[in-house]
Amino acid sequence: MAKIKRNRNGTRKDVIIAKAAKLFREKGFSATSMRDLAEHVGVEAASLYNHISSKAEILQEICFKTANNFMSQIEEVDATPNKTAIEKIQAILRFHIKQMLENYEEVYVSDREWKHLTDPYLSNMQTQRRAYRQRIASIIEDGIRKGEIKPIDAPTAVLIMLHAVSGIESWHRSKKKIAGEVLEDNMVQILVDGLRKQS
């Protein structure tokens, strides 16, 4: 029977989760079976249960790992002294874009398939997503008060920014595409310039 090959710095469970993220993105969580995943990993389905209990557990791992990464980063950025609101938004956007470029499968699944979670995980994820958006909005509102950012509706600005970053999905599908670094710089410039108050 074939064994699950570990990545150099990861566990067999990490391999399963990475393969599952790719399948969940391609087929959707609901349409992916444990048999599909076993075939993708290259083992018997029974072997998967030595490492995970269900595909629901995998979805939980993907969603909360991604959400926690984003929340940890925004807390670190927001706590940095002497950073302007514009600089904070730039740092948040760059991190978000890099995650979409480098950890596309997991971020995509976390953003699109989280609604298949069941409680208490579903409620927890809704709370985390709301808290993340509110944290960005509060940074924008602080920038408005300090005259760094033009007077706009902060929640609307957050919605536009996150949807723009989510659109990197199209970049991944494109056969002719600019370099990831160029994409990141262009997106940050366009989105931040839309916020910046002109002196």
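Per an unreviewed UniProt entry, the protein carries the name TetR family transcriptional regulator and comes from Niastella vici.

Asker: Would you mind going over the overall build of the protein in detail, with residue names and values included?
Answerer: Secondary structure summary: the protein contains 10 helices and zero strands in total. Shown N-terminal to C-terminal, the secondary structure of the protein runs as helices and strands in the order α-α-α-α-α-α-α-α-α-α. Taken along the three principal axes of its C-alpha coordinates, the protein extends 70 × 40 × 30 Å. Going through the 199 residues of the protein one by one, you find that 41% of them count as buried. A separation of at least 24 residues holds for 67% of the contacts in the protein among residues at least 6 apart in sequence. Approximately 11400 Å² of the protein is accessible, and the part contributed by carbon and sulfur atoms is 49%. Where the 32 positive side-chain charges of the protein centre and where its 26 negative ones centre are 3 Å apart.

Asker: Could you give an account of the packing of helix H7 (residues 121-145) against helix H8 (residues 154-166), naming the residues involved and the relevant values?
Answerer: Two elements in contact, H7 and H8, have axes separated by 9 Å at closest approach and are oriented at 120°. For the element pair H7 / H8, the angle class is oblique. For H7 against H8, the interelement crossing comes out right-handed. Mapping the contact onto sequence places Tyr 132, Arg 133, Ile 136, Ala 137, Ile 140 and Glu 141 in H7 and Ala 154, Pro 155, Ala 157, Val 158, Met 161 and Leu 162 in H8. Residue composition of the contact of H7 with H8, grouped by class: 10 nonpolar, no polar and two charged.

Asker: How would you summarise the domain arrangement of the protein if you had to cite specific residues and measurements?
Answerer: Along its sequence, the protein is organised into domain 1 (12-48) and domain 2 (56-193). The gap between the C-alpha centroids of domain 1 and domain 2 is 26 Å. The interface is formed by 13 residues belonging to domain 1 together with 13 residues belonging to domain 2. Contact between domain 1 and domain 2 buries roughly 1100 Å² in total, counting both sides, with carbon and sulfur atoms accounting for 71%. There are three salt bridges connecting domain 1 and domain 2. Close ionic contact of Glu 105 with Arg 25 constitutes a salt bridge, the shortest N to O distance being 2.4 Å. Connecting domain 1 to domain 2 are five residue pairs in polar contact (both at pLDDT 80 or more). Looking at which element gives the most residues to the side of domain 1 that touches domain 2, the answer is helix H1 (residues 12-27), with nine residues. Split into classes, the residues belonging to the side of domain 1 that touches domain 2 amount to eight nonpolar, two polar and three charged.

Asker: Residue-level account of the pattern of salt bridges, with values.
Answerer: Counting across every chain of the model gives 18 salt bridges. For Asp 78, the salt bridge is made with Lys 88, and the minimal N-O distance between the two is 3.1 Å. Residue Asp 78 is found in helix H4 (residues 55-78), and its partner Lys 88 is found in helix H5 (residues 85-102); the two are separated by 10 residues along the sequence. With relative accessibility at 23%, the residue Asp 78 sits in the partly exposed group. Across the salt bridge formed by Arg 129 and Asp 111, the nearest N and O atoms sit 3.6 Å from each other. Placement of Arg 129 in helix H7 and of Asp 111 in helix H6 (residues 104-112) is noted, with a sequence separation of 18 residues between them. Looking at Arg 129, the relative accessible area reads 24%, which means it is partly exposed. In this structure, a network of salt bridges that share partners links the residues Asp 111, Arg 112, Arg 129, Glu 169 and Arg 173.

Definitions and cut-offs
- Residues numbered from 1 in each chain as written.
- Predicted model: local features only at pLDDT ≥ 70, side-chain atom pairs only at ≥ 80, totals over all residues.
- Heavy atoms only, no water.
- Helix = DSSP H or I, 4+ residues; strand = E, 2+ residues; numbered from the N terminus.
- Buried < 20%, exposed > 50% of the residue type's maximum accessible area, 1.4 Å probe, protein only.
- Contact = heavy atoms within 4.5 Å.
- Areas by Shrake-Rupley, 256 points an atom, 1.4 Å probe, with all protein chains shown as cover.
- Lys, Arg positive; Asp, Glu negative; His and termini not counted.
- Charge placed at Lys NZ, Arg CZ, Asp CG, Glu CD.
- Axes fitted to C-alpha atoms, helices over the stretch in contact; angles between N-to-C directions.
- Parallel < 35°, antiparallel > 145°, perpendicular 65-115°, else oblique.
- Left-handed = near helix turned anticlockwise from the far one by under 90°.
- Nonpolar A, V, L, I, M, F, W, Y, C, P; charged D, E, K, R; others polar.
- Domains from an automatic or database assignment.
- Buried area = accessible area lost by both parts, 1.4 Å probe.
- Salt bridge = Lys/Arg side-chain N within 4 Å of Asp/Glu carboxyl O.
- Polar contact = N/O pair within 3.5 Å; in protein donor to acceptor, adjacent residues only side chain to side chain.

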